[in-house]
Amino acid sequence: MAAASDLILVADGIAKSFPGVRALDGVSLRVRRGRLLALLGENGAGKSTLMNILAGVFPPDAGTLVLDGAAVSFANPQAALAAGIGIVFQELNLIPHLSVAENMFLGREPRTRLGFIDYPKLNAAAAALLRRLELAVDPTTLVADLRVGQQQLVEIARAVSEDARVLILDEPTSSLSAHEVEVLFGVIAELKRRGVALIYITHKFEELARVCDDVTVMRDGRVVGEAAFPDLTRDALVRLMAGREAKETFRKSPARLGAELLRAEGLTLPGAGAGHGRRNLVDNVSFELRRGEVLGLFGLVGAGRTELLEVLFGLHAGRAAGRLELEGRPAQFASPADAIAAGLALAPEDRKRDGLVLPMSVAANASLASLERTLRAGFVSPDREAAYITPYIERFRVKTPSLAQLIVNLSGGNQQKVILAKWLATGPKVLLLDEPTRGIDVNAKREIYAFIDELAQLGLGLIVVSSELPEILALSDRVIVMCEGRKTAEFARADATPEKILAAAFPVSAPAAA
Ligand SMILES: Nc1ncnc2c1ncn2[C@@H]1O[C@H](COP(=O)(O)OP(=O)(O)OP(=O)(O)O)[C@@H](O)[C@H]1O
Ligand SMILES: [Mg+2]
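Small disclaimer: the values here were computed from a predicted structure and weren't measured.

A.B. asks: Please clarify how helix α9 (residues 305–312) should be interpreted in this entry.
C.D. replies: One turn of the α-helix equals 3.6 residues, which is why residues spaced by three or four share an orientation. Of all eight residues making up α9, eight are buried, and the element is well covered by its neighbours. Looking at the residues trailing α9, positive phi occurs at Gly314, about 80°.

Below is the structure:
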């Protein structure tokens, strides 16, 4: 048992309600120096809300916080940070049109004697932090030009630089590559040695064995379990999270392949220019997709998978080259609107940037891509909108007080479910899913797998991009592997093994163990 002096942060009886939602209902949390506390729970359990309170984003309705023996309350995030509580939020919070270095030191930039920002000093300090996270980007790069995973690392670098005594990481690895995750784990180990306490939110159980010392499980705004990590089995965790027995694991049905649906030949997307190097982002990729088929698209982060989906969806018309056939006829999409009209749908990876309109309701977001079905006399009819979208919202068990709730108020995982609902509601023939289970809890994940399976049985063709090998293996009838823009391998389901897929995913010159 840890001594009381090991406790750096104690939260007691924390409550928080939003209109129509009791997000936290008397939650207590104990955080110890030099240890990592994993905070687990289903989508909407209240994890991020609790972290926002610890980090001073908003005050609790009730409850107390004790930091290092003294009662504290924070008026804003700056106050929490000054007291030693740092946070990397679940959603990216960088300013796109500022540089990496400017973002990292926002509000605490080194100044010259005349009071101007000391850019050489700023950039040098940023470069040192970037090296620590093995992030090979120039500190003067605009954040808008970074991949999502790189942006996430910049946020982590910023938080690490703030010398927090308690560091909160809310799903930090959701868009990191395997190698980036390893670097982060190295940083976490170093922080623990220095006595920093970490609170770590994740839906990826395999990460726990690597970093976790203690676990707290939340359900419906309450703490339902606390233990030293090794004392809990995976099944016990899932049972605590869900409040019921875990369902059996997902079993894919045998594919019933139909006619050819989509054929791509020599798809190529040139690189954007200097910063990204001159190589093609998508380089001469050909494949076909049949009705009833789930095609898994595996690759390391940066392999060109997202760009390939974007090319298919008409997002790079004018720049991309190659031939496309839909149901045997040549197809050319000048825009996503063209692609949608032809029966394609793309649920993108970066939900804040491409997927959702944050100041709009759940219903409006979910029906945005199928507007014509919700119109009455040319205007969106709320009744038709609700009638049309409700089955999708229910199917995914989106946790929301009503369809009128603003999407920005939903938990991260529930926002992701609305994106899937939105694109399914277009009734597509071809569904392109980019990291569909990012931020989704274990049980909801299985429901989404089952739904993908069902759609394939109904005759849709699906292309699923995932960085999670188990997910690719569970879902796919066929697997395509990409590396540096090229298609490097293709496997029928029966021949696809983790070893073969990974071997094709790593660049030839790089060590496969990276
Ligand atoms: N600003 C807000 N306004 C209204 N409701 C909110 C707000 N923030 C959170 N909620 C609601 O509070 C509940 C808890 O949300 P929270 O974001 O804490 O969940 P979470 O455990 O982090 O889930 P996830 O794993 O999906 O990120 C949800 O029902 C959510 O919709
Ligand atoms: Mg959350």
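A.B. asks: Looking at this structure, I do not really get the site of ligand 1. What am I missing?
C.D. replies: Around ligand 1 sit 20 residues, and of these Phe18, Asn43, Ser48, Ser411 and Gly413 come closest. Broken down by secondary-structure element, the contributors of at least two residues to the shell around ligand 1 are β2 (21–32), α1 (47–54) and α14 (412–424). A breakdown of the residues in the shell around ligand 1 according to their chemical character gives five nonpolar, 12 polar and three charged. Each of two domains, domain 1 (4–242) and domain 3 (350–426), supplies a minimum of three residues to the shell around ligand 1.

A.B. asks: Teacher, can you tell me more about the environment of Arg147 here?
C.D. replies: You can see Arg147 is positioned in the loop between α4 (119–132) and α5 (148–161). On the basis of neighbour count, Arg147 is assigned to the partly exposed category, with 17 C-beta atoms found within 10 Å. Each C-alpha atom of the pair Arg147 and Ser175 lies 9.2 Å from the other, and the pair is 28 residues apart in sequence. In contact with Arg147, not counting residues within four places along its chain, are Val301 and Gly302.

A.B. asks: Please clarify how the sheet that holds strand β11 (residues 260–269) should be interpreted in this entry.
C.D. replies: With antiparallel pairing, the four strands of this open sheet are ordered in space as β12-β11-β14-β15. Looking at strand neighbours, the two that pair on one side only are β12 (282–290) and β15 (329–331), the edges of this open sheet. In this sheet, adjacent strand axes meet at a mean angle of 20° when their direction is disregarded. In this sheet, β12 lies alongside β11 in antiparallel orientation, the contact comprising six bridges. Among the inter-strand pairings, Arg263 is bridged to a residue of β12, identified as Glu288. Across the sheet, α9 is in contact with β11 and β12; its angle to β11 comes to roughly 115°.

The rules behind each value
Residues numbered from 1 in each chain as written. Chains lettered and ligands numbered in written order. Predicted model: local features only at pLDDT ≥ 70, side-chain atom pairs only at ≥ 80, totals over all residues. Buried ≥ 20, exposed ≤ 12 C-beta atoms within 10 Å, placed from the backbone. Helix = DSSP H or I, 4+ residues; strand = E, 2+ residues; numbered from the N terminus. Near = placed C-beta within 6 Å. Nonpolar A, V, L, I, M, F, W, Y, C, P; charged D, E, K, R; others polar. Domains from an automatic or database assignment. Contact = placed C-beta atoms within 7 Å. Pairing = 2+ DSSP bridges. Axes fitted to C-alpha atoms, helices over the stretch in contact; angles between N-to-C directions.

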